[in-house]
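Here is what each chain is made of, one letter per residue.
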Amino acid sequence: MADVVQYRLERMVNELDDFERRGLFTRREIAEIVKQRRKYEYRLKRPSPLKQDYLAYIEYETQLDLLRRLRKKSVARELKAKGNMKMKQYHSDFAGVTRIVEIFRLAVTRFKGDIDLWFRYLEFCRLKRNGRMKKVLAQVIRFHPKVPGVWIYAAAWEFDHNLNVAAARALMQSGLRVCPTSEDLWVEYLRMELTYLNKLKARKVALGEDEGTLVRDNKLANEKEWREENKDLFMSLKDEEENNDGANVENEGLKIKVDLFRQQGLSVLETIYSAAVKALPSSFSLRKRLFEILEATDLAHSEEKREEMLNDMNRDFSTEPEYWDWLAKLEIVGPKSTQAMSEQKIVLSQVQKTIQVYEEALNIVPSAMMFNLYAKFLRGIIAPPEQENQNSLLPSQTVNYTSHLLMVYEKAETMGYITEDLACQHISFYLQLGQLDEARKLAEKLCSGKLSDSAQLWLLRVSIEIRCITKDSSSPSKADLQSIFELLTKVLPKVSISKAESLWLMVLKFFANQKRFFDKLVEISLASLARDGGSENGFSLSSAIVNFVLQKDGVQHAREMYKKFLALPHPGLAIYKNCIELESNLSSVGDKDGIVNARKLYESALATYSQNVSLWQDYYSMEAKMGTSETATAVHWRARKTLKDSTALIAPLNL
């Protein structure tokens, strides 16, 4: 190993001498460079070098080469100021890039399956233009022919850098033969072909033999449409009338050339579209992306092709809610009909068309997802996001869509497609409108139906009931408290604790000062924990109750409370950790019983979780801080003896 490293360092002598001779680095800096390179070379010669070793070496050489270029510019400015000639190119000017390429080559040879490393290699070769791009592309295609991104990258390089359209097309077609189910390949292939046609057309325009481009400009299209509709407003000049015949002949010639490009673009799109649909007949996302390309391109007979693609999608995806949602939103993002209409009327017209599509979808594909998408659209119309720059509707129109949204929620319930999410949306929407009584009646109705086990729905209902009884008075009556508690007795025993976390926290806070109801809630929690078991991590109901009791009644009551929970069949690790933290904090402020109770809790927890490394480490940390060296060493010895894998255990001196 040492011989190989020394040999590689000796090959750097000419480069380093050149650094010193040209004044780019001092002898001391060169010695540091040699030291760093030796370190990295030894890392790469290990039996199993890591990927990070190669990347660290590449990063160091990249920064070194950047510093060399900066200093070279500084030296060149000084020489120019003295009247000397421009600095010549030397071996050291290329040695850095050559070394980085060699490190990349070694890295990808060892980690052939790391596609991210290959792409870093490709990007470096592309930026440095060192002439190795074709060779590296051939290698990565050979090792990763099933990765669509490789073919796209190679074709893009041939198309943009080498200006070799034939090679780029051949690469794309080869990639499609190997990866026929890649959406990205089909889309990028179509974009590449249309971009090539647009470049040819732009060249004709620059030579004065053509006009326009294949890129659709909605503003120009609208202006042209408006001029056609209002041509009577424009008066023709005499010169124009005299040269009318000659201009018509010239325009006809240009029109034929324009149509040739647009016709060829349509032919390309039809060919790729049919092949892509045949390869991926069930991919709706591919159809959407191809349709978006058609919308952004001005091709011959594009309207007919647009209708054809829409008909194909309707035939193949008419049973999917996602298709109808996209089709409805297409009315919003589509081109505006005419400039003569006001912006407000255009928005209103588009919204009405979108609603018609959603209504048709509900008749064809009635489902909970369809109702959810419909409601989401209407909520966006009523209260659009602030970041979207769109025309807002008038207040009277917003009221109409508000009532329409409520009808959609009611229709979902009537047709039996109501879900927990839709039900919560319906209730929350009433609350946003300030209709508390309607929200209360609806929540009561839904909680009595098939969604009676929904924790989120019950949370809404209980929160509404609490708002209703505290609306007029901050201190509710016993009858009001009893009514809310009766609601809780219907839902808390049925719903699992993990689903009712927010509900438990809300009612514990609400009844914290009502001892009779709080004690009954504790009894319900004990029954639920005995049934479901305690939590290992995250939310712990028993810990939450202990914390409430600690704040309200003090330490002794909190200790009595956590003993009740620890007596359950499976209390969970979370309650142990919470109680240990409580006793440790009490011990640190002078409570003599704190350390004793904490030790008992650790021993009780380790009886069940004997293989938990972090528990042993926490136990040792506590003994090291609050106990003696003998007790800490004893805990560490027991941990090493008990754990099956003690390698993760931190040594006593380093803990």
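Rules used throughout
- Residues numbered from 1 in each chain as written.
- Predicted model: local features only at pLDDT ≥ 70, side-chain atom pairs only at ≥ 80, totals over all residues.
- Heavy atoms only, no water.
- UniProt positions renumbered as here; feature names shortened; annotations may be inferred.
- pLDDT = per-residue confidence, 0-100.
- Contact = heavy atoms within 4.5 Å.
- Phe/Tyr/Trp six-rings, centres within 6.5 Å; stacked < 30°, edge-to-face > 60°.
- Helix = DSSP H or I, 4+ residues; strand = E, 2+ residues; numbered from the N terminus.
- Buried < 20%, exposed > 50% of the residue type's maximum accessible area, 1.4 Å probe, protein only.
- Lys NZ or Arg CZ within 6 Å of the ring centre and 35° of its normal.
- Core = buried A, V, L, I, M, F, W, Y, C linked by side-chain atoms within 4.5 Å.
- Axes fitted to C-alpha atoms, helices over the stretch in contact; angles between N-to-C directions.
- Parallel < 35°, antiparallel > 145°, perpendicular 65-115°, else oblique.
- Left-handed = near helix turned anticlockwise from the far one by under 90°.
- Nonpolar A, V, L, I, M, F, W, Y, C, P; charged D, E, K, R; others polar.

As recorded in an unreviewed UniProt entry, the chain goes by the name U3 small nucleolar RNA-associated protein 6 homolog, listed as coming from Quercus rubra. What UniProt records for the chain under Subcellular location (unreviewed entry) is the sentence "Nucleus, Nucleolus". Taken verbatim from the UniProt record of the chain, the Sequence similarities (unreviewed entry) comment is "Belongs to the UTP6 family."

Asks: Can you help me understand the confidence of the model for the chain in this one?
Replies: When pLDDT is averaged along the chain, the result is 85; 85% of the residues meet or exceed 70. Considering only residues more than four positions removed or in separate chains, one finds that residues 233-243, a stretch of pLDDT under 50, has three contacts.

Asks: Would you mind going over the packing of aromatic side chains with me for this structure?
Replies: Two aromatic rings, taken as a pair, are described by how far apart their centres are and by the angle between their planes. Under the criterion given, the structure shown has 22 aromatic pairs. Ring plane angle 85 degrees and centroid distance 5.8 Å describe the contact between Phe284 and Trp326, whose orientation is recorded as edge-to-face. Remark: Trp326 occurs in helix H16 (residues 321-333) and Phe284 occurs in helix H14 (residues 284-295); sequence separation between them is 42 residues. Assessed through its relative accessible area of 4%, Phe284 is described here as buried. An aromatic cluster of at least three residues, connected via ring pairs, comprises Phe284, Phe291, Phe317, Tyr323, Trp324 and Trp326. Sitting above the plane of the Phe517 ring, Arg516 keeps its charged end 4.3 Å from the centroid.

Asks: What is the right way to look at the nonpolar core in this model?
Replies: When a protein is soluble and globular, its nonpolar side chains tend to lie buried together. Residues Leu503 and Trp504 are the most contacted members of the largest nonpolar core, which totals 188 residues. With ten residues, the single largest contributor to this core is helix H22 (residues 455-470). Ignoring sequence-local partners within four residues, the contact set of Leu503 consists of Trp458, Leu459, Val462, Leu488, Val491 and Leu492.

Asks: Honestly, the packing of helix H27 (residues 555-566) against helix H28 (residues 573-588) in this entry has me stumped. Any pointers?
Replies: When two helices pack together, you describe them by how their axes are tilted relative to each other and by the distance separating the axes. Where H27 contacts H28, the two axes come as close as 11 Å, and the packing angle between them is 155 degrees. The orientation of H27 with respect to H28, classified from their angle, is roughly antiparallel. Along this stretch, H27 crosses H28, giving a crossing that reads as left-handed. Contact residues: Val555, Arg559, Tyr562 and Leu566 in H27; Ile575, Tyr576, Cys579, Leu582, Glu583 and Leu586 in H28. Its residues assigned to classes, the contact of H27 with H28 shows eight nonpolar, no polar and two charged.

Asks: Looking at this model, I keep getting lost on the environment of Gln139. Mind explaining?
Replies: Positionally, Gln139 belongs in helix H7 (residues 133-143). Spatially, the C-alpha atom of Gln139 lies 9.4 Å from that of Trp118, the residues being 21 residues apart in sequence.

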